[in-house]
Amino acid sequence: RREDIQTEVVMEYQDTTALAKIEAMPNRIKIVQGGARAGKTIAILIVLCDLSFEVEHKTIHIVSDTMPNLRHGAMNDWEKMLRGTNREQYFKVNRSINKWENIITGTTIEFLSCDADDALGAARDYLFINEASRISWQTYRQLALRTEQDVWIDFNPVNEFWVHTQLMKRPNTSFIKLNYEDNEAIPQNVLEELLANR
């Protein structure tokens, strides 16, 4: 649990409205749409990190379409979040296979790409699909079928895709829209740029 961990949280990773909204999503499938600087990916990563302290010997997969996108996106954010909140001390890392193990609970967090089929054949307890608009509906179905418990999906508000046409019609699905106003951790200069471009 977040309150039980000794942290030195830097401003960029403070608790935000985005984090509170994501934590409150009740259903198995949690769909998070958000524009630039909405804080959606960082918030989901914090939720998953904290989940790794609450469950024992589970597997959490963080998936994107390609390894380059995964490295420049969710994986980079994960490592910055761990350092910025002092959580990295609780994980043993094997970067050759992109795997972090919580040394307290034995729960593992693995980063997998769809382009190498790493993600498609693997079973897991929890799943986060980062930038879901980059993968196909068939790929999502394969990932979800191999996930025992909750699924988080995030994406930028681009064109309508399978989340809107297929997934949101289903029961046991939560959907929220976030924007920069939900992310109190935006640096002031970035906020000013966002406001100037509205």
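Look up: the structure comes first, before these words.
For clarity, every value in this text was computed on a predicted model and none was experimentally measured.

Visitor: Hey, could you run me through the environment of Q33 in this one?
Guide: Mapping Q33 onto the fold places it in strand β1 (residues 29-34). Overall, Q33 belongs to the buried group, its relative accessible area being 11%. With 57 residues separating them in the primary sequence, Q33 and Y90 have C-alpha atoms 30 Å apart. Apart from the residues within four sequence positions on either side, Q33 is in contact with K40, F155, P157, H164, F175, I176, K177 and L178. Engagement of the side chain of Q33 in a polar contact is seen with the side chain of H164, the distance being 3.4 Å.

Visitor: Help me out: how do you make sense of the packing of aromatic side chains in this one?
Guide: For any pair of aromatic rings, geometry is given as the distance between the ring centres together with the angle between the planes. Tallied over the full model, the rule gives twelve aromatic pairs. Centre to centre, the rings of W78 and W100 are 6.4 Å apart; their planes meet at 75°, and the pair counts as edge-to-face. Of this pair, W78 sits in helix α3 (residues 67-84) while W100 sits in strand β4 (residues 99-102), and the two are 22 residues apart along the sequence. The pair formed by W78 and W100 is uniform in burial state, with each residue classed as buried. Judged by centre distance (5.8 Å) and plane angle (50°), the ring pair of W137 and W162 falls under tilted. Placement of W137 in helix α4 (residues 137-145) and of W162 in helix α5 (residues 162-167) is noted, with a sequence separation of 25 residues between them. An aromatic cluster of at least three residues, connected via ring pairs, comprises F53, W78, Y90, F91, W100 and F111.

Visitor: Before we go on, may I ask you to explain the pattern of salt bridges in this structure?
Guide: For side chains of opposite charge, pairing can occur when their charged atoms come near one another. Using the criterion set out here, one finds five salt bridges in the structure. Close ionic contact of D150 with K30 constitutes a salt bridge, the shortest N to O distance being 3.4 Å. Of the two residues, D150 is situated in the loop between α4 and β7 (151-155) and K30 in strand β1; the sequence distance between them amounts to 120 residues. Where E101 meets K92, a salt bridge forms, and the shortest distance between an N and an O atom there is 3.5 Å.

Visitor: What's the story with the packing of helix α2 (residues 40-54) against α3 in this structure? I'm lost.
Guide: Angle between the axes and distance between the axes are the two parameters that describe a pair of packed helices. The geometry of α2 relative to α3 is characterised by a closest axis approach of 10 Å and an angle of 60° between their N-to-C directions. With respect to the hand of their crossing, α2 and α3 are arranged in right-handed fashion. The segment α2 lies against α3, with T41, I42, L45, I46 and C49 engaging A74, D77, W78, M81 and L82. Among the residues forming the contact of α2 with α3, the class breakdown is eight nonpolar, one polar and one charged.

Visitor: How should I be thinking about α2 in this particular structure?
Guide: Residues spaced three or four apart along an α-helix point in a common direction, a consequence of the helix completing one turn every 3.6 residues. An ideal rise of 1.5 Å per residue puts 21 Å on 15 residues; α2 measures up with 21 Å between its terminal C-alpha atoms. Burial of α2 is extensive: 14 of the 15 residues sit out of reach of the surface.

Visitor: Would you mind going over the side chain of D182 with me for this structure?
Guide: With respect to the element layout, D182 can be found in the loop between β8 (173-178) and α6 (188-196). Residue classification places D182 among the buried residues on the basis of a relative accessible area of 8%. The residues touching D182, leaving out its near neighbours within four places in the chain, are T16, T17, A18, K21, A38 and K177.

Visitor: Quick question: what am I supposed to make of the nonpolar core here?
Guide: As a rule of thumb, nonpolar side chains are buried together in soluble globular proteins. The biggest cluster of nonpolar side chains holds 36 residues, and the ones touching the most others in it are I22, W78, F91, F111 and W152. No other element matches α2, which puts ten residues into this core. Other than its neighbours up to four places away in sequence, W78 contacts L45, C49, F91, W100, I109 and F111. Listed in part, the 21 residues of the second largest apolar core include I29, I31, L120 and L143.

Visitor: Whenever I open this one, the sheet that holds strand β6 (residues 126-129) confuses me. Can you help?
Guide: Hydrogen bonds between backbone atoms are what pair the strands of a sheet, whose relative direction is either parallel or antiparallel. Strand order in the open sheet made by the eight strands is β3-β4-β5-β2-β6-β7-β1-β8, with mixed pairing throughout. Here the strands that pair on one side only, and so sit at the sheet edges, are β3 (91-94) and β8. Each strand of the sheet is rotated relative to its neighbour by a mean of 15°, with strand direction disregarded. As judged from the four bridges shared by strand β2 (residues 59-64) and β6, these two strands associate in the parallel manner. By the bridge assignment, H61 is partnered in β6 with L127. Seen against the sheet, α3 touches β2, β3, β4 and β5 (108-113) and runs at an angle of roughly 155° to β5. α4 rests against β1, β2, β6 and β7 of the sheet, and its axis sits at about 160° to β6.

So, how was this worked out
- Residues numbered from 1 in each chain as written.
- Predicted model: local features only at pLDDT ≥ 70, side-chain atom pairs only at ≥ 80, totals over all residues.
- Heavy atoms only, no water.
- Helix = DSSP H or I, 4+ residues; strand = E, 2+ residues; numbered from the N terminus.
- Buried < 20%, exposed > 50% of the residue type's maximum accessible area, 1.4 Å probe, protein only.
- Contact = heavy atoms within 4.5 Å.
- Polar contact = N/O pair within 3.5 Å; in protein donor to acceptor, adjacent residues only side chain to side chain.
- Phe/Tyr/Trp six-rings, centres within 6.5 Å; stacked < 30°, edge-to-face > 60°.
- Salt bridge = Lys/Arg side-chain N within 4 Å of Asp/Glu carboxyl O.
- Axes fitted to C-alpha atoms, helices over the stretch in contact; angles between N-to-C directions.
- Left-handed = near helix turned anticlockwise from the far one by under 90°.
- Nonpolar A, V, L, I, M, F, W, Y, C, P; charged D, E, K, R; others polar.
- Expected span 1.5 Å × (residues − 1).
- Core = buried A, V, L, I, M, F, W, Y, C linked by side-chain atoms within 4.5 Å.
- Pairing = 2+ DSSP bridges.

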